[in-house]
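# Architecture at a glance
Below, each chain spelled out in residue letters.
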Amino acid sequence: MTTAPGTPDAHVGTPPAAAPAARRVLAQAAFEARMILRNGEQVLVTAIVPVLALVGLVQGTFVELDTGGASRVDFLAPGILALAVMTASFTSQAIATAFDRRNGVLRLMATTPLGRGGLLAGKVLGVLAVEAVQVVLIGAAALALGWHPDPAGLALALVGVVLGTGAFTALALLVAGTLRAEAVLALANLLLLVLALGGGVVVPADRLPGPVAAVATWLPSGALGDVLRGALVDGTLPLVPVLVLAAWTVGLGALTARLFRWH
Amino acid sequence: MREHLDSLDVPHSPAVEVRGLVKRYDGRAVVDGLDLTASAGRVTAVLGPNGAGKTTTVECCEGLRAPDAGSVRVLGLDPVADGPALRPRVGVMLQDGGLPTGVRAREMLDHVARMYADPVPTDALAARLGLDAFARTTVRRLSGGQRQRLALAVAVVGRPQVLFLDEPSAGMDPQSRLAVWELVRELRDAGAAVVLTTHLMEEAEGLADHVVVVDHGTVIAQGSVADLLASGTGTAVDDDGTLVVRVSADVDPAGLRERLGAGFGVEHRSASSFAVTGPVRPGTVADVTAWLAERDVLVTRLDTGRRTLEDVFLDLTGRSLR
């Protein structure tokens, strides 16, 4: 049978095949990252706000900081990076996934060779790609402000970024997969604000007022801030916050796997 | 009737085989013991009112929902357990589109094409479905018909052997609908099994080789369009026919019964139409028009006997709103 160009006839005898798994996941990761970086609101939250927060807090003397002997930028840059990880892996991802779920995008992609597992892997890689852009932008701004990160801590910081991304992506998928899109939009922004101010991210948990400090230490936000500060200020990986982050990642991941609804 | 029709399916291999499917939401059975067979090289329409269980049934076939009971086989595989093997061979067009709102039309098609080893060249497919006019427009700015055409392109880009289309014509303009129907027919002729859900009679009549009428989660009739039209609910005695007459002016058709004689019934349906039932013959038509001519009334439309699929459907599923 002859068919017009563009007719998607199945090749007789040879069933159609999927592209290799790695290519599918990378394509999805690039797609996810592109969608986020093209969206003005997402760029504002993930890139512009953290950079402005860094510049404002370093230059502005209106906020008293006990930096423990470090320069203001050395003390603040790791916390701002932690905040950036939270915007990309939690706020931005929760909102994007919630609307994709409502619009049937998750279900459609789940029926392609990508599948549910590939979609999830693509999302995590897409978040890491956005974070790479954030690190470049925030790192450049911090260096311009005189940042001297501990060179030994750079690789250790990566551990914190990956663990934090795991925990906050799991949290993002948990809210996106259980609540209505509009509710996720509100909750994701509100939670980011609350954690940014009182979650031990930019200002360490132990500098927060008493009861808040006790809670913030055990939050994924406080743990992420402490891991990045430990790595980039002191060049060490603090054990307790690493364990706290790992526990959140496992716990939230398990909860998400149980409760996430595709419909 | 069902056994008779199934025997017609024998030369075709069943691409989709659903047996005794049950799916409950919160304890309520939305699909309740449904059987469905769809063959390669044929278009199977699942026809039913809203809430009949059509979408849930195809979602079970697509591996998006796991059945509570019964079996679903697509190309001989279990859509949930054998998902990875099956997904490259199945194309899906969801009822709500499934397209991200921020993506450009062509970008979405190219993206999904990357999931396949040997996709249809997207330039040709986009041209075929008229996507070029809005290639760089984001999905949120597309019209309903444009979205549906894009969703269809996405569904077929992997050269599927089985294609599930859930309400493909919803929100489509007539041009888009024609383009979609034409492509669906070509895919069928090229050997694909096409399963589409619809509540549009026109779509089932125009497109389907096999119609499965579903209501309350179960199959209440099936067959070709011709089979369904011939199937009666008591009125299809060979000699009996129906003549539905639309007229230009209001007439009281009571006098017409005397003219036609015994064995005929005349029913006033509205100010401008009435129905004649009985042994309708060519002469009957002449009698009716002559009687109207004497009263200077013009026939604006005349339907002889054949029920429409809509009549069958309404007889089967009831006329009450739901």
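Numbering of residues starts from 1 in every chain and runs along the sequence as written. Each chain takes a letter, starting from A, and each ligand takes a number, starting from 1, following the order in which they are written. Owing to the predicted nature of the model, reporting of local features is limited to residues with pLDDT of at least 70; listing and counting of side-chain atom pairs is limited to 80 or more, with chain, interface and lining totals taken over all residues.

## Thoughts on the interface of chain A and chain B
The following threshold applies: Two residues qualify as a contact pair if the distance between their C-beta atoms, derived from the backbone, is within 7 Å. Secondary structure elements follow DSSP: runs of H or I no shorter than four residues count as helices, runs of E no shorter than two count as strands, and numbering proceeds from the N terminus. In this classification, the charged set is Asp, Glu, Lys and Arg, the nonpolar set is Ala, Val, Leu, Ile, Met, Phe, Trp, Tyr, Cys and Pro, and all remaining amino acids, among them Gly, are polar.
Listed per partner, the contact involves 36 residues of chain A and 42 residues of chain B. Counting residues per element, the ones that place at least two in the side of chain A that touches chain B are α1 (21-38) and α4 (105-111) of chain A. The leading source of residues in the side of chain A that touches chain B is α1 of chain A, at 6 residues. Split by residue class, the side of chain A that touches chain B holds 20 nonpolar, 10 polar and 6 charged.

## Here's the deal with the confidence of the model for chain A
To keep things clear, this is the line we draw: A score from 0 to 100, pLDDT tells how confident the predictor is in each residue.
Predicted confidence across chain A gives a mean pLDDT of 90, with 95% of residues reaching 70 or more. Mean pLDDT across the elements of chain A ranges from a minimum in helix α8 (residues 210-216) of chain A, with 84, to a maximum in α4 of chain A, with 95.

## Considering the domain arrangement of chain B
In plain terms, the rule: What fixes the domain bounds is an automatic or database domain assignment.
According to the domain assignment, chain B consists of domain 1 (2-230) and domain 2 (241-307). Distance from the C-alpha centre of domain 1 of chain B to the C-alpha centre of domain 2 of chain B: 42 Å.

## A word on the confidence of the model for chain B
Residue and element names in this part refer to chain B. Averaged over every residue, the pLDDT of chain B is 87; residues scoring 70 or more account for 91%. Taken element by element, chain B is modelled with least confidence in helix α1 (residues 2-8), mean pLDDT 42, and with most confidence in helix α4 (residues 105-113), mean pLDDT 97. Ignoring residues within four places in sequence, the model shows residues 1-12, a span with pLDDT below 50, making 13 contacts including any to other chains. Overall, residues 233-238 carries pLDDT values under 50, and its contacts beyond four positions in sequence, including any with other chains, amount to 3 contacts. Taken together, the chains of this predicted complex give a pTM of 0.82 and an interface ipTM of 0.86.

## What to know about helix α10 (residues 239-259) of chain A
Residue and element names in this part refer to chain A. Rules: Helix span is expected to be 1.5 Å times the residue number reduced by one. Any residue with 12 or fewer other C-beta atoms within 10 Å of its own C-beta is exposed, any with 20 or more is buried, and the rest are partly exposed; the C-beta atoms used are placed from the backbone. Arc, as used here, means the arc of the directions from the helix axis to the C-beta atoms.
Taking 1.5 Å of rise per residue, the 21 residues of α10 would be expected to cover 30 Å, and the 30 Å separating its terminal C-alpha atoms lies within 8% of that figure. By the burial criterion, the buried members of α10 are Pro241, Val242, Val244, Leu245, Trp248, Thr249, Leu252 and Thr256. Axial view of α10: buried residues confined to an arc of 160°, hence all on one face. Within α10, the exposed residues directed more than 90 degrees away from the buried face are Leu239, Leu243, Ala254 and Arg258. Residues of α10 that are buried make contact with α6 (153-176) and α9 (220-234).

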